[in-house]
Amino acid sequence: REGIAFQTVTAGKYKRTLTPTKRITREDVVKTKSDIESVLVLFKNFVHEQRPKLHIEKVATGETWFGKDAMDRDLCDELKTPDDVLLRFRDQ
């Protein structure tokens, strides 16, 4: 409207499915949701491989837990401050 034109140059049918410069189609939403769900499966598999005792379906909900809440869910092994970690590396 103010003489500004947006242009995006891409390669591949799904290179830019969601951008602020184009109207979103139903196909764009379906493709993006499918991509996000695939990433979630990869993430859950990776976390489960690293922490096999973890109940992955209980924690892979999109929520975020910090500190004791994360520890209570077996998402971390211990709680330390950044200073504690740096001092440990210094002393090694």
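What comes next is a walk through the structure. (Residues numbered from 1 in each chain as written. Predicted model: local features only at pLDDT ≥ 70, side-chain atom pairs only at ≥ 80, totals over all residues. Heavy atoms only, no water.)

1. Regarding unusual backbone geometry
This is how the line gets drawn: Counting from the N terminus, the helices are the DSSP runs of H or I reaching at least four residues and the strands are the DSSP runs of E reaching at least two.
One non-glycine residue, Asp 74, lies in positive phi territory at about 60°. With respect to the element layout, Asp 74 can be found in the loop between helix H3 (67-72) and helix H4 (82-91).

2. Structural notes on the pattern of salt bridges
Test applied: Definition used for salt bridges: Asp or Glu carboxyl oxygen within 4 Å of a side-chain nitrogen of Lys or Arg. Accessible area is worked out with a 1.4 Å probe on protein chains only. A residue is then buried under 20% of its type maximum, exposed over 50%, and partly exposed in between.
Scanning all chains against the criterion turns up nine salt bridges. Between Asp 91 and Arg 90 there is a salt bridge whose closest N-O contact spans 3.2 Å. The same class applies to Asp 91 as to Arg 90, namely exposed. Beyond isolated ion pairs, a larger network of salt bridges with shared partners links Glu 78, Lys 80 and Arg 88.

3. Description of the nonpolar core
Nonpolar side chains tend to gather and get buried jointly when the protein is soluble and globular. The condition that has to hold: Here the nonpolar core consists of buried residues drawn from Ala, Val, Leu, Ile, Met, Phe, Trp, Tyr and Cys, with membership extended through side-chain atoms lying within 4.5 Å. For this analysis, residues touch if any pair of their heavy atoms sits within 4.5 Å.
Val 47, Leu 54, Ile 56, Val 59, Ala 60, Trp 65 and Ala 70 together form the largest nonpolar core, which totals seven residues. Those residues in contact with Ala 70 that lie beyond four places of it in its chain are Trp 65, Leu 75 and Cys 76.

4. Describing the packing of aromatic side chains
Here is the rule: Each pair of aromatic rings taken from Phe, Tyr and Trp, with Trp reduced to its six-membered ring, is defined by centres within 6.5 Å and is described as stacked if the planes are under 30 degrees apart, edge-to-face if over 60, and tilted in the remaining cases. Both a distance and an angle decide whether a charge sits over a ring: NZ of Lys or CZ of Arg must be within 6 Å of the ring centre and within 35 degrees of the ring normal.
For the coordinates displayed, the defined rule picks out zero aromatic pairs. The positively charged end of Lys 31 is found above the aromatic ring belonging to Tyr 14, 4.9 Å away from the centroid.

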